Amino acid sequence: MITITKKLIALDLDGTTLNDDSQISPQTAETIRAAARQGYIVSIVTGRPNRLSENFYDDLKLETPMINFNGNLGILPHQEWNREYQYTIDKEIVTELLEKSKPLGLSLIAVEGRDLFLANRGLNTGFGFFPSTLKTNQVLSRKSLKTNPISITVQVEPELKQGLIDFVEQQFGDQVEVSPWGGPHPIVEIATKGVHKSTGLKFLADYYGVLQKDIIAFGDEGNDLTMMEYAGTGVAMKNAIDKIKNSADEVTDFSNDDDGVARYLQDHLDIAVGQ
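A few points on the structure. (Residues numbered from 1 in each chain as written. Predicted model: local features only at pLDDT ≥ 70, side-chain atom pairs only at ≥ 80, totals over all residues. Heavy atoms only, no water.)

Regarding the overall build of the chain
Logical step 1: Looking only at helices and strands, the chain has 10 helices and 13 strands in total.
Logical step 2: Since a compact globule built from 275 residues should have a radius of gyration of about 19 Å, the 19 Å found for the chain is in line with a globular shape.
Logical step 3: C-alpha atoms of the chain, sized along the principal axes, occupy 60 × 40 × 35 Å.
Logical step 4: Burial statistics for the chain: of 275 residues in total, 53% are counted as buried.
Logical step 5: The contacts of the chain with a sequence gap of at least 6 include a subset with a gap of at least 24, amounting to 57%.
Logical step 6: Carbon and sulfur atoms form 46% of the exposed surface of the chain, whose accessible area is close to 12,800 Å². (Helix = DSSP H or I, 4+ residues; strand = E, 2+ residues; numbered from the N terminus. Rg over C-alpha atoms; globule rule 2.2 N^0.38 Å. Buried < 20%, exposed > 50% of the residue type's maximum accessible area, 1.4 Å probe, protein only. Contact = heavy atoms within 4.5 Å. Areas by Shrake-Rupley, 256 points an atom, 1.4 Å probe, with all protein chains shown as cover.)

In structure tokens, the structure reads:
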């Protein structure tokens, strides 16, 4: 039997493990499952909430902790775990944004946690992260928000986005930081200051006793930068933004839509697919 060095493979989802249809292709799924069977530690490290990533975790048959909300939540899906962690933000910040939503140009305010989702309205724009119709118990208000959320996501008028960022940084900059989403959507996310994907990746490495040099992290967007810099090998997707490619140790030969992660793993690690 081949003995392998304990390695941690950290996978971003959108634009990386998922193809352009937001699915995991059969080749990518089987390669990742094979890597896990052969002793590699494979973990999802994503900006997505757990409600929108546990289906991929299950499809890949993973048993490792999963990191959500760009490092702000670490869980073992579907179970209680005494090592679980989360970073939350003061719910009064949400109240302030609700009260000032009109002058700030906010058309959507959504708050989330491991078991929390509330929004001031549905969002029928087709990109799938928020429901188009809210249930009664999902409507956001000062009264309905009883616990501190992990993440606040807002949709802002494009011409007012910088004003929103300035407002949040001036009012709450000692507590939170603002991260505009990649891609075409005028969406801004607010979360605990100083917590990034590298926070979650370090947690995983410490938990498993993996050295930094034995971490491989895949990503494509700005929120992946910290974990790719922390990893011994930061791998940018062929379809990644230039900032990520320029800072990466390696770039895949194929994009997320052409099984870039799977082909890289098959080429660079001893993974026997189909066994």
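What to know about the layout of surface pockets
Logical step 1: There is about 150 Å³ of room inside the second largest pocket.
Logical step 2: For the second largest pocket, the full set of lining residues is Arg33, Ala36, Arg37, Tyr40, Ile41, Val42, Leu60, Lys61, Leu62, Glu63 and Thr64.
Logical step 3: Mapped by element, the contributors of at least two residues to the lining of the second largest pocket are α2 (26-37) and β2 (41-44).
Logical step 4: At three residues, the largest contribution of residues to the lining of the second largest pocket is made by α2.
Logical step 5: Its residues assigned to classes, the lining of the second largest pocket shows six nonpolar, one polar and four charged. (1 Å grid on protein atoms, 1.4 Å probe; cavity = no way out; pocket = protein on both sides within 12 Å on 5 of 7 lines; lining within 4 Å. Points joined across faces, edges and corners; volume = space filled by probe spheres on them. Nonpolar A, V, L, I, M, F, W, Y, C, P; charged D, E, K, R; others polar.)

Remarks on the side chain of threonine 31
Logical step 1: Position of threonine 31 relative to the elements: it lies in helix α2.
Logical step 2: A distance of 2.8 Å separates a polar side-chain atom of threonine 31 from the backbone oxygen of glutamine 27.
Logical step 3: In this view, threonine 31 contacts Ala262, Leu265, Gln266, Ile271 and Val273; residues no more than four positions away in its chain are not counted. (Polar contact = N/O pair within 3.5 Å; in protein donor to acceptor, adjacent residues only side chain to side chain.)

Description of the sheet that holds strand β3 (residues 66-68)
Logical step 1: As summarised here, the arrangement of the three strands in space is β3-β4-β5, forming an open sheet in which the pairing is antiparallel. Each end of this open sheet is capped by a strand with a single partner; those strands are β3 and β5 (85-86).
Logical step 2: Inspection of the sheet shows strand β4 (residues 73-75) paired to β5 by two bridges, in the antiparallel sense. When the sheet's bridge partners are listed, leucine 73 is paired in β5 with glutamine 86. (Pairing = 2+ DSSP bridges.)

What about the sheet that holds strand β8 (residues 151-156)?
Backbone-to-backbone hydrogen bonds join strands into a sheet, with any given pair of strands oriented parallel or antiparallel.
Logical step 1: Read across the sheet, five strands follow the order β7-β6-β8-β10-β9 without closing on themselves; strand pairing throughout is antiparallel. Because the sheet does not close on itself, it has two edges, and the strands there are β7 (116-119) and β9 (176-180). Between one strand axis and the next, the sheet turns through 20 degrees on average, direction left out of account.
Logical step 2: Set on the sheet, helix α4 (residues 91-99) makes contact with β6 (106-113), β8, β9 and β10 (187-192); between it and β6 the angle comes to about 165 degrees.
Logical step 3: Helix-sheet contacts for helix α6 (residues 161-172) involve β6, β8, β9 and β10, and the interaxial angle to β9 is about 165 degrees. (Axes fitted to C-alpha atoms, helices over the stretch in contact; angles between N-to-C directions.)

Regarding a negative patch on the surface
Logical step 1: A surface patch of like charges, here negative, comprises Asp20, Asp21, Asp257 and Asp258.
Logical step 2: Topologically, aspartate 257 is positioned in the loop between β13 (250-251) and α10 (260-268). (Patch = residues over 30% accessible without salt bridge, like charges linked within 9 Å, V, L, I, M, F, W, Y side chains within 5 Å. Salt bridge = Lys/Arg side-chain N within 4 Å of Asp/Glu carboxyl O. Lys, Arg positive; Asp, Glu negative; His and termini not counted. Charge placed at Lys NZ, Arg CZ, Asp CG, Glu CD.)

Description of unusual backbone geometry
Logical step 1: With a phi angle near 55 degrees, phenylalanine 69 is a residue other than glycine that sits in the positive phi range.
Logical step 2: Relative to the helices and strands, phenylalanine 69 resides in the loop between β3 and β4.
Logical step 3: Since its relative accessible area comes to 3%, phenylalanine 69 is described here as buried.
Logical step 4: At histidine 78, a residue that is not glycine, the phi angle is positive and equals roughly 70 degrees.
Logical step 5: When you line up the elements, histidine 78 lands in the loop between β4 and β5.
Logical step 6: Residue class for histidine 78 comes out exposed when judged on its relative accessible area of 54%.

Observations regarding the pattern of salt bridges
Logical step 1: Under the defined criterion, the tally for this structure stands at 14 salt bridges.
Logical step 2: Of the charged contacts, one joins arginine 114 and glutamate 84 as a salt bridge, the two residues approaching to 2.3 Å between their closest N and O atoms. With arginine 114 in the loop between β6 and β7 and glutamate 84 in the loop between β4 and β5, the pair connects residues that are 30 residues apart, well separated along the chain.
Logical step 3: On the accessibility criterion, arginine 114 (15% relative accessible area) is buried.
Logical step 4: Accessibility expressed as a relative area gives 26% for glutamate 84, which makes it partly exposed.
Logical step 5: Beyond isolated ion pairs, a larger network of salt bridges with shared partners links Glu30, Arg33, Arg37 and Asp59.

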